[in-house]
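Okay, here's what each chain looks like letter by letter:
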Amino acid sequence: MARKTNKKKTESNKPKDKKKKKKAFKRPSISFVQSDKLKLILGVFFLLLSLFLAFSFISYLFYWTADYDKIYHFSWSNIMDQTPMNNWGGFLGAYIGHLFIYQMFGIASILFVLLFFLVGSKLLFNIQFLPIKKTFKISFAAMIWFSILFGTIFTNSIWTILGGTFGYQSSLWLQNLMGLTGLVILLSFSFIIFAVVHFSFPLRWMKDWHSKNEKKNIEKQSSTSSNAEDKYNTQEYAIDDEETEIPLTKKVNLEKENTINLVTDETEDKEKNTSDFSTDLELEMPEEIALQEEENSETSHEVTPESPKLKVESGDEEKVSKTHGIDTPYDPTEDLADYVFPSIDLLEMHGSDKINIYKEELEANKNRIVETLENYKIKIQKIKATVGPTVTLYEIVPAPGVRISKIKNLEDDIALSLAALGIRIIAPIPGRGSIGIEVPNSKPEIVPMRSVIQSKIFQESKYDLPIVMGKTISNESYTFDLAKMPHLLMAGATGQGKSVGLNAIITSLLYKKHPSQLKFVMVDPKKVELTLFSKIERHYLAKLPDNEEAIITDTKTVVHTLYSLVSEMDNRYDLLKEAQVRNIKEYNAKFIARRLNPEKGHKYMPYIVLIVDEFADLMMTAGKEIEGPIARLAQLARAIGIHLVIATQRPSVNVITGIIKANFPARIAFRVTSRIDSRTILDSGGADQLIGRGDMLMSTGNDMTRIQCAFIDTPEVDAITDFIGSQRAYPSAFILPESEKDVSEQNAGINPADRDELFEDAARVIVIAQQGSTSLIQRKLKLGYNRAGRIIDQLEAAGIVGPFEGSKAREVRVANDMALEQFLQDLYARDQE
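Everything numeric in this text was worked out from a predicted model, so none of it was measured.

Conventions we followed
As a convention, each chain's residues are numbered from 1 in the sequence order in which they are written. Only residues with pLDDT of at least 70 are given local features in this predicted model, and only at 80 or more are side-chain atom pairs given and counted; all residues enter the totals for whole chains, interfaces and linings. Only hydrogens and water are removed before side-chain values are computed, so all heavy atoms of the structure are retained for them. Patches draw on residues past 30% relative accessible area with no salt bridge. Two like charges within 9 Å are joined, as are two nonpolar side chains (Val, Leu, Ile, Met, Phe, Trp, Tyr) within 5 Å. All accessible-area figures derive from a Shrake-Rupley calculation using a 1.4 Å probe, and residue coverage is judged against the displayed protein chains alone. Definition used for salt bridges: Asp or Glu carboxyl oxygen within 4 Å of a side-chain nitrogen of Lys or Arg. Note on conventions: DSSP H or I runs of at least 4 residues are helices, E runs of at least 2 residues are strands, and numbering of each starts at the N terminus. To sort residues, take the accessible area from a 1.4 Å probe on protein chains only and compare it with the maximum for the residue type: under 20% means buried, over 50% means exposed, and anything in between is partly exposed. What makes a nonpolar core is a set of buried Ala, Val, Leu, Ile, Met, Phe, Trp, Tyr and Cys residues whose side-chain atoms join them at distances within 4.5 Å. We call two residues in contact whenever any of their non-hydrogen atoms come within 4.5 Å of each other. Residue count minus one, scaled by 1.5 Å, sets the expected span of a helix. Throughout, bend refers to the angle between the axes fitted to the seven residues that end at a position and the seven residues that start at it. Any two of the Phe, Tyr and Trp rings considered here, Trp counted by its six-membered ring, make a pair once their centres fall within 6.5 Å; the pair's planes then place it as stacked at under 30 degrees, edge-to-face at over 60, or tilted in between. Only when the NZ of Lys or the CZ of Arg is both within 6 Å of the ring centre and within 35 degrees of the ring normal is a charge said to sit over the ring. Strand pairing is assigned whenever DSSP detects at least two bridges linking the two strands. For every element, the axis is a line fit to its C-alpha atoms; helices are fit only across the contacting stretch, and the angle between N-to-C directions ranges from 0 to 180 degrees. In this scheme, roughly parallel covers angles under 35 degrees and roughly antiparallel covers those over 145, while 65 to 115 is roughly perpendicular and the rest are oblique. Each residue is assigned to one class: nonpolar for Ala, Val, Leu, Ile, Met, Phe, Trp, Tyr, Cys and Pro, charged for Asp, Glu, Lys and Arg, and polar for all the others, Gly among them. Handedness of each helix crossing follows the sense of rotation of the near helix against the far helix: counterclockwise by less than a right angle gives left-handed, clockwise gives right-handed.

Caption draft 1: Highlighting a nonpolar patch on the surface. On the surface, L40, V44, L48, L51, F55, I58, L61, F62, Y63, W88 and I110 cluster together into a nonpolar patch covering about 1100 Å² of accessible area. Take I110: it is sitting in the loop between α3 (90-105) and α4 (111-125). The partly exposed category is assigned to I110, whose relative accessible area is 35%.

Here it is, written out as structure tokens:
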């Protein structure tokens, strides 16, 4: 009996398995319809069809009388016994030609060849010779119009084929209705409407004719007025030639703004489970719209930043020259008035900039998430999917009574069921009553820098220092103001996109800020990442007076530059105090309005952005010498327009101290290897679950946003710097002030001859132990107290240890043994000088 029941169970299970196989077999067919294979097949079919129709139509015009009787007496039963057709396409070609040309639109049916060719080339090669929708409309209208026209002209003769049966019958019907005169008027009126609507033919010709006449009249009037003025104002023109020209307007080539259309598809599926839910699949796919530059310089907009336009009429030059320097606002861009911002064409469109994800993938992921949660008896009310360039966010609304911690603990189980890398659960999503599950797409898309630069949100941004980093999960360009951050910390493992992120920040600022409004101080210990920007030294970079290169690669020069920035900060605060303002924005507005006297030291202040790559390497080699100025700049430099962008691999405590880290609320984390590193960067987990290649998390205080960083390649950066560097520039780079506290002054009171023989050994002992005490030197080197005390004083004078702090041990200012060797080499080099 048990065996029989088992057999029945197995038999009852068989049809269910067959149903499952049938359902599983349906999915590939749907994916095949949406795949590129079908496009290839249809493209080849339409191209060959257009070729076949071309041969059939052309040969039908020559042999239609000979094949006319054969078409009507043709039978499929004895096809081998039939006499062959004269048409080049055989019976099929003769029949198609007879159908389209004789019975339908006549010779105008040849336009079907053009239509099929356009469709085939679009599907196969993705080449659009003509706009397809507009060509279809024009072609069908032309076929109807020419068919009726030829049907009216060629009657009762062999040439009725030119209009076809449709044209001949339509012309007869219209002639009976309104007569031949009315038909001619109707055809003429329809032709005029067609030309005006689709081609604007008469309107353009009339506008050109009127514009030429107006130009001729203006030239005649100007020539007569100039001849009359030459007779009476010869003395005034002699005086005007001696005066210098006044720059009245600044021409800036503005590019047209383009909006990005977002297409959303919503589908609802109902399941036969105990709890019904629905999925809203939002497929946001931006259309690629190329920016068009203005062709002629005459159509370029004339803009005077922060100053009104001035119109000069004849005889008013002296008035303008008297009032221009006092009453008009100061223009900081006047020195480089002809500066042209980089064109969007310098950037490349990497990838397709479109999201390629199939609904089957979304449905499969949704079903697996639901099944996994149901296995643990977690009920769901609703699921909503938002598709991004690299990640899809599934928003889950749990049923009442479900604990969030239960879903959060299933992170590894959901990752196992989806077989995906980097599953991240947000429980709950801030500001929403749902839980988010971020699942990487099977085919991630590259976000090109061109698409985010030409986005409407970036083009219309009025931030002081606008930066666009990439696109969010909702496929929107993420833009922020560096002036409000006020400093930015970037961290991540090697090869995850930090250098590309720095290039994106710099490129964003170059596309929005004039050289007079922004200066960069670039520190590149690797010596290869930021060297491309040396071409724009006289436009955008700042450096010390005695430095040959603007890109700082030497550790000693870095320390000098940081102290110089501190001096610049103090000088600016003094100017703000005298001007009685609180920040750089108010100060510059007051200076532009000419309410501050330049003779008292007041000047226009550009923003200064300090960019440091591989900050950890600087801390290893320079140690505590960098911490002091960096901490001061991070605390105080916000109000006077100095902002820091620091990139490092792992901002641990010995790299970025608590004082520095507290002043970096804006942080960007690329992919890291462990959750501890993620908490070190963001003070929370999540960066260890990223998928790499530009995938990053940006934290601005409480909010955390997942962004796909925009990709900009080295040739694009090279093209932008070449374009800017080829234009007229300032005589030199922006010169930073000399620092009041030079590092070499720390060693001014040291006599190298008085150093102890065990000076280096004592320094190594102190650095290895990271404890600066006299007793440690006594024990390790077996010295007396007096000699050990003299050595510790020499170490303090050299800058290796800090001053005496009572019962506490002295601070060790060198991080490790390798940094000590570099420090000693620099110390001996200064002694020889």
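Caption draft 2: Local environment of the nonpolar core. Within the largest apolar cluster, 103 residues are counted, with the highest numbers of intra-cluster contacts made by L488, F520, L610, F615, I626 and L633. It is helix α17 (residues 555-579) that contributes the most residues to this core, ten residues altogether. Not counting chain neighbours up to four residues away, the residues in contact with L610 comprise V521, V523, L562, L565, I630, L633, H643, L644 and V645. The next biggest cluster of nonpolar side chains, apart from the first, holds 23 residues, and it includes A762, V767, I792 and V801.

Caption draft 3: Local environment of α3. The end-to-end C-alpha distance of α3 is 21 Å, a good match for the 22 Å that 16 residues give at a rise of 1.5 Å each. Its maximal kink placed at H98, α3 deviates by approximately 30°. When α3 is considered as a whole, its buried residues turn out to be F91, G93, A94, I96, G97, H98, F100, I101 and F105. At the exit of α3 stands G106, carrying a positive phi of roughly 75°.

Caption draft 4: Summary view of the packing of aromatic side chains. Using the criterion set out here, one finds 18 aromatic pairs in the structure. When the centroid spacing of 5.5 Å and the interplanar angle of 70° are considered together, the rings of F45 and F46 count as edge-to-face. Their ring planes at 75° and their centres at 5.3 Å tell us that F105 and F166 sit as a pair that is edge-to-face. Taken together, the positions of F105 in helix α3 and F166 in helix α6 (residues 164-199) put the pair 61 residues apart, joining distant regions of the chain. Since its relative accessible area comes to 13%, F105 is described here as buried. Joined through ring pairs, the aromatic side chains of F57, F100, F112, F136 and F140 make up one cluster. Cation over ring: K512 sits above F458, and NZ or CZ is 5.6 Å from the ring centre. Stacked on the ring of F759, the Lys or Arg R755 has its end atom at 5.4 Å from the ring centre.

Caption draft 5: Quick peek at the side chain of Q517. Residue placement: Q517 occurs in the loop between α15 (498-510) and β11 (518-523). Those residues in contact with Q517, other than ones at most four positions away along the chain, are T333, Y604, P606 and Y607.

Caption draft 6: Inspection of the pairing of strand β14 (residues 642-648) at higher detail. The buried fraction of β14 is high, at seven of seven residues. Side-chain alternation along β14 places I642, L644, I646 and T648 on one buried face and H643, V645 and A647 on a second face that is also buried. Here strand β10 (residues 488-491) pairs with β14 via four bridges, running parallel. Looking across to β14, one finds that A491 is bridged to T648. Bridge count between strand β13 (residues 607-612) and β14: five bridges; the pairing is parallel. Bridge pairing in β14 places V612 opposite I646.

Caption draft 7: Quick peek at the packing of helix α24 (residues 759-769) against helix α26 (residues 785-798). Closest axis-to-axis distance for the α24/α26 pair is 10 Å, and the angle between their directions is 75°. By the angle class used here, α24 and α26 are roughly perpendicular. Contacts between α24 and α26 involve F759, A762, A763 and I766 on the former and, on the latter, I791, I792, Q794, L795 and A798. Looking at the contact of α24 with α26 residue by residue, the classes come out as eight nonpolar, one polar and no charged.

Caption draft 8: Here's a closer look at the pattern of salt bridges. With the rule as written, the count across this model stands at 22 salt bridges. With a closest N to O distance of 3.7 Å, K526 and E614 form a salt bridge. A residue pair is termed long-range when its members are at least 10 positions apart, and K526 in the loop between β11 and α16 (537-540) and E614 in the loop between β13 and α19 (615-622) qualify at 88 residues. K543 serves as the salt-bridge partner of E537, at 2.9 Å between the closest nitrogen and oxygen. For the pair formed by E537 and K543, the shared burial category is buried. Shared partners join several salt bridges into a network, and the residues in it are R424, E438, D695 and R706.

Caption draft 9: Inspection of the packing of helix α25 (residues 774-781) against α26 at higher detail. Following both chains from N to C, one finds α25 and α26 inclined at 120°, their axes separated by 9 Å at the closest point. Put simply, α25 runs oblique to α26. Every pair of crossing elements has a handedness; the one defined by α25 and α26 is right-handed. Residue-level contacts link T774, I777 and Q778 of α25 to Y785, A788, G789, I791, I792 and L795 of α26. Among the residues making up the contact of α25 with α26, the classes are represented as six nonpolar, three polar and no charged.

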